[in-house]
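What follows is the residue order along each chain.
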There are 2 protein chains.
Amino acid sequence: MINIGIFGYGNLGRGVEAAVRQNDDLCLKAVFTRRDPQSVNVQTDGLPVYGEEKLLQMKDEIDVLILCGGSATDLPKQTPFYAQYFNVVDSFDNHAAIPAHFDAVNETATANGKTALISAGWDPGMFSVNRLYASCIQPEGKNYTFWGRGVSQGHSDAIRRIDGVADARQYTVPVEETVEIVRSGEQPTLTARQMHKRECFVVAKDGADKAAIETAIKTMPNYFEPYDTTVHFISAEEMKAEHSALPHGGFVIRSGVTGINKEHKNIIEYKLTLDSNPEFTSSVLVAGARAVYRLNKEGQCGCKTMFDIAPAYYSPLSADELRHTML
Amino acid sequence: MINIGIFGYGNLGRGVEAAVRQNDDLCLKAVFTRRDPQSVNVQTDGLPVYGEEKLLQMKDEIDVLILCGGSATDLPKQTPFYAQYFNVVDSFDNHAAIPAHFDAVNETATANGKTALISAGWDPGMFSVNRLYASCIQPEGKNYTFWGRGVSQGHSDAIRRIDGVADARQYTVPVEETVEIVRSGEQPTLTARQMHKRECFVVAKDGADKAAIETAIKTMPNYFEPYDTTVHFISAEEMKAEHSALPHGGFVIRSGVTGINKEHKNIIEYKLTLDSNPEFTSSVLVAGARAVYRLNKEGQCGCKTMFDIAPAYYSPLSADELRHTML
């Protein structure tokens with residue numbers, strides 16, 4: 001059995017708890033939190049919840065620590081620090097900052113004989129892996145990544161910070177006409193507006209100026225201004241009833257050419273349709289924990305990304321079983 | 001530069017020749033054939049064509065030998081034999097015989113410090129890799145593999161062996177209604193007939209009994225009897241004009257559930273739409289040659305499948321470049 005610890009118990013931590021239960025070779029030892037442990041209600045009978053200070057005391061009881069904090073401020077500190085003491089997995093998703101995060105984690109993990117997997121999940125994660133495979137097997141081509149239809153937490157939060165907004169949910173939606181062009185094998189150069197549109201559902205506070213809110217959203221640089229954005233004002237009840245779930249997904253398409261005269265088009269598409277964005281990410285983290293454990297047993301220490309890990313490491317089956325059943 | 005040799009110059013060998021030219025770090029040294037080398041017309045000026053007897057003489061000039069023979073009789077002999085002298089890649093696609101082929105190749109490659117990649121391509125190959133990843137990250141779920149719409153060489157050949165048939169082309173076609181059910185997240189148990197149908201285009205010889213041919217096709221065990229099969233008789237001219245290409249493709253779908261009560265469905269789909277089936281397979285073999293070369297340089301000898309190779313090995317980019325550009 002591989003003993004798993006969870007640090008951070010939000011949507012991702014809850015997803016890891018559920019995912020570990022779907023894997024017979026994994027055992028959940030404890031949840032660790034920076035909140036008051038008494039205030040945290042886990043979903044598994046008898047699963048202990050401890051404060052962060054207990055983590056280092058339990059370092060010999062936990063084979064892999066899954067870090068479920070946020071990428072903005074939690075993981076840049078937590079992952080390099082805890083990689084001194086544990087094999088770790090995180091879902092660090094600030095793409096531009098990944099190289100620096102990698103270096104920081106690699107330094108502490110390598111120095112301490114630990115193995116770390118960073119930026120696991122779906123993007124970064126499985127989408128990245130598919131961009132890589134597709135680029136290697138169709139070197140003359142172009143990658144397109146579309147997200148949605150799904151809830152973007154970052155964009156929802158940005159709307160909530162506007163004066164007069166009580167609650168908000170933002171859906172990222174691929175532009176269907178553009179998707180069809182890309183799927184046909186054309187390789188257009190596309191603007192942000194051509195690829196995605198943004199659909200916002202907003203609960204306004206009593207007496208708020210809805211027109212002003214709508215303008216504030218549509219003109220917000222980077223988040224909304226480069227996109228066609230629609231804003232719907234709804235009631236708090238409707239928000240709760242219709243927009244409580246966290247679906248997401250998207251697809252990576254590579255359109256390439258082969259043949260001596262490049263006369264043949266080949267399209268590779270990897271598509272995710274997820275009822276639960278955080279639970280899917282958690283499931284990748286949990287498979288990654290298995291890989292990290294096995295790599296560490298083999299003496300392969302330091303920081304890894306999903307690019308560096310052979311697919312077989314994620315599986316509970318032996319190489320021989322995999323060749324018999326899945327090849 | 002990585003020096004590549006091609007053994008066998010059919011559709012696959014021609015595809016490898018074209019694919020190598022799309023990769024700046026690879027250099028095609030020679031084509032080897034069991035036919036009279038004078039009778040082989042390659043597509044690259046100055047590329048030498050040699051008989052098989054020349055292969056072992058050139059073992060120090062070739063870093064990776066790509067074996068482009070057939071799975072029925074060529075590869076079971078060639079891959080274990082040449083893995084004594086070369087790093088090799090093949091596309092062995094007889095699924096049931098893969099474990100035995102693996103063992104034979106592993107023995108000679110390991111004994112001689114060579115690295116071999118077998119069963120590369122798309123199925124087995126990228127489809128297998130996707131079945132594996134998807135199974136690991138959604139352990140409670142079900143895999144579905146659909147092929148087509150595309151030409152099946154094996155089924156086309158089976159029709160050509162029927163008395164009175166001058167030429168034939170068979171398309172494997174997924175049953176669209178079934179695909180939609182699977183994409184919706186249901187996990188039905190399906191018969192062969194529910195998943196695929198078979199569409200046959202046949203040129204009959206002069207005076208042949210078309211009704212007898214149609215019956216012979218539709219009642220052929222394994223090949224056609226378990227499927228809904230349609231037969232169209234066409235002219236030789238129409239065959240040449242409309243059915244000379246070798247398109248193929250298909251998709252691997254995994255439908256899984258997550259959540260503490262398994263309340264969320266998540267669908268993973270990997271889809272290929274290929275103008276040229278052999279050229280796409282060849283492109284995978286060529287990326288695999290790069291991986292095999294690098295593994296061998298690191299001392300990782302023996303037989304591998306795509307399950308055992310980390311994605312980064314297929315790429316000409318460094319790990320750092322990959323993290324910056326694709327993660």
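If you're wondering where the values come from, they're calculated on a predicted model, not measured in any experiment.

Residue and element names in this part refer to chain A. Taken in spatial order, the four strands line up as E8-E9-E10-E11 in an open sheet, and their pairing is mixed. Every other strand in the sheet has two partners, leaving strand E8 (150-151) and strand E11 (228-233) as the edge strands with one partner each. Here E8 pairs with strand E9 (residues 165-174) via two bridges, running antiparallel. Following the sheet pairing, Val151 is matched in E9 by Tyr171. Packing of helix H5 (residues 153-160) onto the sheet brings it into contact with E8, E9 and strand E10 (196-204), and relative to E9 it is tilted by some 145 degrees.

Another point: the nonpolar core. Ile4(A), Leu65(A), Ile66(A), Val89(A), Ile4(B) and Leu65(B) are the most contacted members of the largest nonpolar core, which totals 150 residues. The contact partners of Ile4(A), leaving out residues within four places of it in the chain, are Val20(A), Leu26(A), Cys27(A), Leu28(A), Lys29(A), Ala30(A), Ile62(A), Val64(A), Ile66(A) and Ala289(A).

This part takes up the sheet that holds strand E3 (residues 49-51) of chain A. Residues and elements named next belong to chain A. Strand order in the open sheet formed by seven strands is E3-E2-E1-E4-E5-E6-E14, with parallel pairing between adjacent strands. At either margin of the open sheet sits one strand with a lone partner, and together these are E3 and strand E14 (302-304). Pairs of neighbouring strands in the sheet enclose a mean axial angle of 25 degrees, with direction left out of account. Both strand E4 (residues 64-67) and strand E5 (residues 87-89) contribute to a ladder of three bridges, which runs parallel. Each residue of the ladder has a partner; that of Ile66, found in E5, is Val89.

On to the packing of aromatic side chains. Tallied over the entire structure, the rule returns 21 aromatic pairs over all chains. Seen from their ring centres, Tyr314(A) and Tyr133(B) are 5.7 Å apart, and the 45 degrees between their planes marks the pair as tilted. In this pair, Tyr314(A) is assigned in the loop between E14 and helix H11 (319-325) and Tyr133(B) in helix H4 (residues 126-137), connecting two distinct chains. Feature note: the residues Phe7(A), Phe81(A), Tyr82(A), Tyr85(A) and Phe86(A) constitute an aromatic cluster, connected by ring pairs.

This part covers the relation of the copies chain B and chain A. Structural alignment of chain B on chain A gives an RMSD of 0.1 Å, achieved by rotating through 180 degrees and translating 0.0 Å along the axis. Taken together, these values place the two copies in the relation of a two-fold axis. Ranked by how close their C-alpha atoms come to the rotation axis, the residues of chain B are headed by Ala310(B), at 1.9 Å. A shared interface surface links the copies, since 100% of the contact residues of chain B are contact residues in chain A too.

Take the packing of helix H1 (residues 11-20) of chain A against helix H10 (residues 277-297) of chain A next. Residues and elements named next belong to chain A. Here H1 crosses H10 at 55 degrees, and the two axes come no closer than 8 Å. By the angle between their directions, the pair H1 and H10 is classed as oblique. The way H1 lies across H10 gives a crossing that is right-handed. Contacts from Asn11, Leu12, Gly15, Val16, Ala19 and Val20 of H1 reach H10 at Pro278, Glu279, Thr281, Ser282, Ser283, Leu285 and Val286. Partitioning the contact of H1 with H10 into residue classes produces seven nonpolar, five polar and one charged.

This brings us to the pattern of salt bridges. Considering all chains together, one arrives at 28 salt bridges over all chains under this definition. One network of salt bridges, with partners in common, ties together Asp157(A), Arg160(A), Asp167(A) and Arg169(A).

Turning next to the interface of chain B and chain A. Counting residues at the interface gives 64 residues for chain B and 64 residues for chain A. Interface area, chain B with chain A, both sides summed: about 6,000 Å², of which 64% is carbon and sulfur. Here chain B and chain A share zero salt bridges between them. For the side of chain B that touches chain A, the secondary structure elements donating two or more residues are helix H3 (98-111), H4, strand E12 (248-258), strand E13 (264-274), helix H10 (277-297) and helix H11 (319-325) of chain B.

Rules behind the numbers
- Residues numbered from 1 in each chain as written.
- Chains lettered and ligands numbered in written order.
- Predicted model: local features only at pLDDT ≥ 70, side-chain atom pairs only at ≥ 80, totals over all residues.
- Heavy atoms only, no water.
- Pairing = 2+ DSSP bridges.
- Helix = DSSP H or I, 4+ residues; strand = E, 2+ residues; numbered from the N terminus.
- Contact = heavy atoms within 4.5 Å.
- Axes fitted to C-alpha atoms, helices over the stretch in contact; angles between N-to-C directions.
- Core = buried A, V, L, I, M, F, W, Y, C linked by side-chain atoms within 4.5 Å.
- Buried < 20%, exposed > 50% of the residue type's maximum accessible area, 1.4 Å probe, protein only.
- Phe/Tyr/Trp six-rings, centres within 6.5 Å; stacked < 30°, edge-to-face > 60°.
- Least-squares fit on C-alpha atoms with pLDDT ≥ 70 in both.
- Parallel < 35°, antiparallel > 145°, perpendicular 65-115°, else oblique.
- Left-handed = near helix turned anticlockwise from the far one by under 90°.
- Nonpolar A, V, L, I, M, F, W, Y, C, P; charged D, E, K, R; others polar.
- Salt bridge = Lys/Arg side-chain N within 4 Å of Asp/Glu carboxyl O.
- Buried area = accessible area lost by both parts, 1.4 Å probe.

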